[in-house]
Amino acid sequence: AIEQIARDVTEQKRNQEQMTTLAREAEHRSKKLRASVHAIVNLSRADTLDGLKHVIEGRIQALANVHSLFVATRWVGAELSAIATQELAPYFAGEGKRARIDGAPTLLEPAAAQAIAVTLHELATNAAKYGSLSKAGGSIELTWQHGRDGQMLLRWTETGGPPVGKPTRKGFGSRVIEQMIRQLPGTVRFDWRPDGLVCEISFKA
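1. Side note on the overall build of the chain
Scanning the chain from N- to C-terminus turns up five helices and seven strands. The burial tally for the chain puts 35% of its 205 residues in the buried class. Sequence-distant contacts, at least 24 apart, represent 64% of the contacts inside the chain between residues at least 6 apart. For the chain, the computed accessible surface area is about 12200 Å², with 55% contributed by carbon and sulfur atoms.

2. Thoughts on helix α3 (residues 80–87)
All of the buried residues along α3 are L80, I83, A84 and E87. Each buried residue of α3 sits inside an arc of 95° when the element is viewed along its axis, so together they form one side.

3. A word on the side chain of Q151
With respect to the helices, strands and loops of the structure, Q151 is situated in strand β5 (residues 151–159). Overall, Q151 belongs to the buried group, its relative accessible area being 19%. Looking at Q151, its side chain comes within polar contact range of the side chain of S202, at 2.9 Å.

4. Side note on helix α4 (residues 110–129)
Helical periodicity: at 3.6 residues per turn, an α-helix aligns residues three or four positions apart in one direction. For α4, with 20 residues, the first-to-last C-alpha span of 29 Å sits near the 28 Å given by 1.5 Å per residue. Across the 20 residues of α4, 16 count as buried, placing the element largely inside the fold. Residue E109 occupies the N-cap position of α4, its side-chain oxygen lying 3.1 Å from the main-chain nitrogen of A111.

5. Topic: the sheet that holds strand β7 (residues 196–204)
Spatially, the five strands line up as an open sheet ordered β2-β4-β5-β7-β6, and their pairing is mixed. In this open sheet, the two strands that pair with only one neighbour each are β2 (99–103) and β6 (186–193). The mean angle between the axes of side-by-side strands here comes to 10°, regardless of whether they run parallel or antiparallel. Strand direction decides the pairing type here: β5 and β7, joined by seven bridges, are antiparallel. Looking at β7, one finds that W156 is bridged to C199. Packing of α4 onto the sheet brings it into contact with β4 (139–146), β5, β6 and β7, and relative to β5 it is tilted by some 10°.

The rules behind these values
In every chain, residue numbers begin from 1 and rise along the written sequence. It should be noted that, the model being predicted, local features are given only for residues of pLDDT at least 70 and side-chain atom pairs only at 80 or more, the latter also being counted only at that level, while totals for whole chains, interfaces and linings use all residues. Neither water nor hydrogens contribute to the side-chain values; these are computed over all heavy atoms in the structure. Going along the chain from the N terminus, every DSSP run of H or I of four or more residues is numbered as a helix, and every run of E of two or more is numbered as a strand. Only protein chains enter the accessibility calculation, which uses a 1.4 Å probe. A residue is then buried if its area is under 20% of the maximum for its type, exposed if over 50%, and partly exposed in between. Note on contacts: a residue pair qualifies if any of its non-hydrogen atoms lie within 4.5 Å across the two residues. Under the convention used here, a 1.4 Å probe and the Shrake-Rupley method define accessible areas, while residue burial counts only the protein chains that appear. Read the arc as the range of directions from the helix axis to the C-beta atoms. Residues adjacent in sequence count toward polar contacts only when both atoms are side-chain atoms; beyond that, a polar contact is any pair of N or O atoms within 3.5 Å, and within protein one must be able to donate a hydrogen and the other to accept it. A helix is expected to span 1.5 Å for every residue after the first. In this description, strands pair whenever DSSP reports at least two bridges between them. Every axis in this analysis is a line fitted to C-alpha atoms, fitted for helices over the stretch in contact. Angles between the N-to-C directions lie between 0 and 180 degrees.

See below:
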């Protein structure tokens with residue numbers, strides 16, 4: 001009887017510790033999500049109220065999409081290829097796929113996954129409006145690899161679009177990307193080449 005009581009107490013203590021750990025993780029996740037949503041809303045701009053609503057909805061949807069991937073891993077994270085496939089889905093369909101992704105299997109923890117999902121949404125939206133995806137025959141390529149210093153290196157390359165020039169001012173999409181990646185922390189570099197934008201992102205994975 002004494003051994004049974006001891007086992008019950010030990011089990012109860014273990015359950016309490018697990019509940020405390022889960023509560024702390026939930027609090028940490030909610031803070032990260034709140035920071036992401038705060039950045040998205042504060043940096044979103046548009047000429048009309050409907051336009052602003054559309055911009056914010058698109059960015060929030062990118063967050064919702066990646067959260068659906070967390071369920072499969074019990075909130076451990078999300079596979080980078082799954083995030084990319086999800087955000088670039090419209091450009092994989094049809095003849096002559098307009099999007100190509102290439103990189104080793106990489107599981108991103110939730111904060112990084114959220115940042116990359118919103119970043120890819122912004123890059124794809126910009127490409128569809130002004131870049132390579134706005135013109136028939138244009139395409140994008142997303143590649144990633146692990147650097148020797150433990151950094152994850154992502155490279156977004158646009159080709160076949162209209163002639164590109166460096167913007168005279170920083171757009172709100174660029175600011176959203178920089179803010180999301182800075183939270184990881186990480187760095188972003190935009191290279192406005194004549195044949196298309198190249199965006200390079202580096203962060204600890």
